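Tertiary structure, described
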Amino acid sequence: MSADPIAFRKISKRSQNQKAILEAAEKVFAEAGFAGATTQLIADVAGLPKANVHYYFKTKEELYRRVVYNIFDIWMEAASAFDTELGPREALSRYIDIKMDLARSHPNGSRVWAAEILHGAPIIQDYLEGPLLEWSTDRGKHIERWIANGEMDQIDPAHLLYMIWSTTQHYADFGHQIETLNGSKPLSDEQWQAAKLSVKTIILRGVGLSPD
């Protein structure tokens, strides 16, 4: 039995509208912050009536949480590249590569997250105390195992993770500064590859690993 084409179009339209709203919200929240953003401005950027925004997201806070959770989920998916069955050099290299790629492909989401944390995480404290803490604790244990096995230098696992996060997300959160210092131009593909290599080299050598 074939699918109902009318029902399919409705689902497709709903998906398109939600995607447009979330992309617009990500941009507006990144530029104006939670307090400065309005659902009318988000609707304008999305090219949809304000009523459509409220149809899918009842409040501005609900929409904001969805934007923040989206970038968190993307980062957690990227964290699967931190495969603990691999050795530390390959696992950390993969993780840094993907985090750098996400800084380039999802800069607004990263900026929204950064602003939320700078304000004391009033909306997402539950995520920090739950999934992020659990993941960080788990990865910390694997880093400690690598250290105990003599596979990398003795360091505090938490600070290694903090350094990876802050360094990779710098390319999103401070993108304007980087562009300004780059002759007011975005980094080219070649420059991005050089940046990724530099970040990996500095971090890996800092824990006694070769980037090669």
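Further up the page is the structure itself.
In this report, the structure presented in the accompanying data block is examined. (Residues numbered from 1 in each chain as written. Predicted model: local features only at pLDDT ≥ 70, side-chain atom pairs only at ≥ 80, totals over all residues. Heavy atoms only, no water.)

Here we take up the overall build of the chain. Within the chain, the secondary structure is distributed over ten helices and zero strands. Secondary structure elements of the chain, listed N to C terminal, follow the sequence α-α-α-α-α-α-α-α-α-α. For the chain, the spread of C-alpha atoms along the three principal axes comes to 60 × 50 × 40 Å. Evaluated residue by residue, the chain yields a buried proportion of 41% over its 212 residues. Summed over all atoms, the accessible surface of the chain reaches about 11900 Å², with 55% contributed by carbon and sulfur. For the chain, the distance from the average position of its 23 positive side-chain charges to the average position of its 28 negative side-chain charges is 7 Å. (Helix = DSSP H or I, 4+ residues; strand = E, 2+ residues; numbered from the N terminus. Buried < 20%, exposed > 50% of the residue type's maximum accessible area, 1.4 Å probe, protein only. Areas by Shrake-Rupley, 256 points an atom, 1.4 Å probe, with all protein chains shown as cover. Lys, Arg positive; Asp, Glu negative; His and termini not counted. Charge placed at Lys NZ, Arg CZ, Asp CG, Glu CD.)

For the rest of this paragraph, the subject is helix α8 (residues 157-173). A rise of 1.5 Å per residue sets the reference length of α8, with its 17 residues, at 24 Å; its end C-alpha atoms lie 23 Å apart and thus fit the reference within 8%. Where α8 is buried, its residues meet α4 (60-78), α5 (88-105), α6 (107-118), α7 (125-148), α9 (175-181) and α10 (189-206). Its side-chain oxygen at 2.9 Å from the backbone nitrogen of Ala-158, Asp-156 defines the N-terminal cap of α8. (Expected span 1.5 Å × (residues − 1). Contact = heavy atoms within 4.5 Å. Polar contact = N/O pair within 3.5 Å; in protein donor to acceptor, adjacent residues only side chain to side chain.)

For the structure on display, the rule yields eight salt bridges. In this structure, Lys-19 and Glu-23 form a salt bridge, with 2.6 Å as the shortest nitrogen-oxygen distance. Separated by four residues within a single helix, Lys-19 and Glu-23 lie in helix α1 (residues 5-36), roughly one turn from each other. (Salt bridge = Lys/Arg side-chain N within 4 Å of Asp/Glu carboxyl O.)

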